[in-house]
Amino acid sequence: MQEQEFITAVRESVGLPDNDSAGAAVRATLAVLGQRLSGGEGKDLASQLPGGLAEQIPDDAPGQRFDVSSFYERVAEAERAEGRDVTDAQARQHARAVAKGLETALTDGEWRNFTSQLPQDFADFLGTEPVQKH
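Residues numbered from 1 in each chain as written. Predicted model: local features only at pLDDT ≥ 70, side-chain atom pairs only at ≥ 80, totals over all residues. Heavy atoms only, no water.

Considerations on helix α2 (residues 19-36)
- An ideal rise of 1.5 Å per residue puts 26 Å on 18 residues; α2 measures up with 26 Å between its terminal C-alpha atoms.
- Extensive coverage of α2 is indicated by the burial of 13 of its 18 residues.
- One side-chain oxygen at the N-terminal end of α2 lies 3.1 Å from the backbone nitrogen of D20; it belongs to D18. (Helix = DSSP H or I, 4+ residues; strand = E, 2+ residues; numbered from the N terminus. Expected span 1.5 Å × (residues − 1). Buried < 20%, exposed > 50% of the residue type's maximum accessible area, 1.4 Å probe, protein only. Polar contact = N/O pair within 3.5 Å; in protein donor to acceptor, adjacent residues only side chain to side chain.)

Below is the structure:
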């Protein structure tokens, strides 16, 4: 999967108006996700991301501990830092669409490794039900 295909899939999943908005959502989600990962998992995840998306994950992912609600708040803040007007609820939808894209883009082994680092409450982020449009 190419970077633009990934971004377009996120845009279509939640009905964002353009790829710029979707790109901001993808970058924000990956950057915050990178803050949560530890033990080299960020580097492993980045190695399977297309194009410039890998740059969103820090090489030395710090493994910060925060719950899924804080995750969505941080994603919303990161999107707003890019000039996007989003609510925490919209950031949740965007992040969940990115998770679906990751599930498609990553190998099964990397998906399992990556998701095993997330606590139980992140099941919402990794949810299997369709993402609701805003």
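Thoughts on the nonpolar core
- Within the largest apolar cluster, 39 residues are counted, with the highest numbers of intra-cluster contacts made by L45, F71, L102, F114 and F125.
- Within the residue set of this core, elements represented by two or more residues are α1 (3-14), α2, α3 (41-46), α4 (68-81), α5 (88-105) and α6 (108-116).
- Per-element accounting of this core gives the leading share, 7 residues, to α2. (Core = buried A, V, L, I, M, F, W, Y, C linked by side-chain atoms within 4.5 Å.)

A closer look at the pattern of salt bridges
- According to the stated counting rule, one finds 5 salt bridges in the structure shown.
- A salt bridge links E12 to R11, with the nearest nitrogen and oxygen atoms 3.8 Å apart.
- Residue R27 is joined to E82 by a salt bridge in which the shortest nitrogen-to-oxygen separation is 2.6 Å. Here R27 is found in helix α2, whereas its partner E82 is found in the loop between α4 and α5, with 55 residues between them in sequence. (Salt bridge = Lys/Arg side-chain N within 4 Å of Asp/Glu carboxyl O.)

Topic: the packing of α2 against α5
- Between α2 and α5, the least distance of the axes is 9 Å, while the angle of their chain directions is 80 degrees. Judged on the interaxial angle alone, α5 and α2 are roughly perpendicular. Contacts between α2 and α5 involve A25, V26, T29, L30 and L33 from the former and H94, A95, V98 and L102 from the latter.
- Looking at the contact of α2 with α5 residue by residue, the classes come out as 7 nonpolar, 2 polar and no charged. (Axes fitted to C-alpha atoms, helices over the stretch in contact; angles between N-to-C directions. Parallel < 35°, antiparallel > 145°, perpendicular 65-115°, else oblique. Contact = heavy atoms within 4.5 Å. Nonpolar A, V, L, I, M, F, W, Y, C, P; charged D, E, K, R; others polar.)

Focus on the environment of A99
- Along the chain, A99 turns up in helix α5.
- For A99, a relative accessible area of 0% translates into the label buried.
- Each C-alpha atom, one on A99 and one on F125, is 6.8 Å from the other, the two residues being 26 residues apart in sequence.
- Setting aside its immediate chain neighbours within four residues, A99 contacts W111, F125 and L126.

A few points about the confidence of the model for the protein chain
- With 95% of its residues at a pLDDT of 70 or more, the protein chain has an overall mean of 90.
- Element-level mean pLDDT values for the protein chain span from 89 in α3 up to 97 in α4.
- In this model residues 130-134 is a low-confidence stretch, pLDDT under 50, and it forms 18 contacts with partners more than four residues away in sequence or in other chains. (pLDDT = per-residue confidence, 0-100.)

Notes on the side chain of Q90
- By secondary structure assignment, the location of Q90 is in helix α5.
- In this structure the side chain of Q90 is engaged in a polar contact, spanning 2.8 Å, whose partner is the backbone nitrogen of T87.

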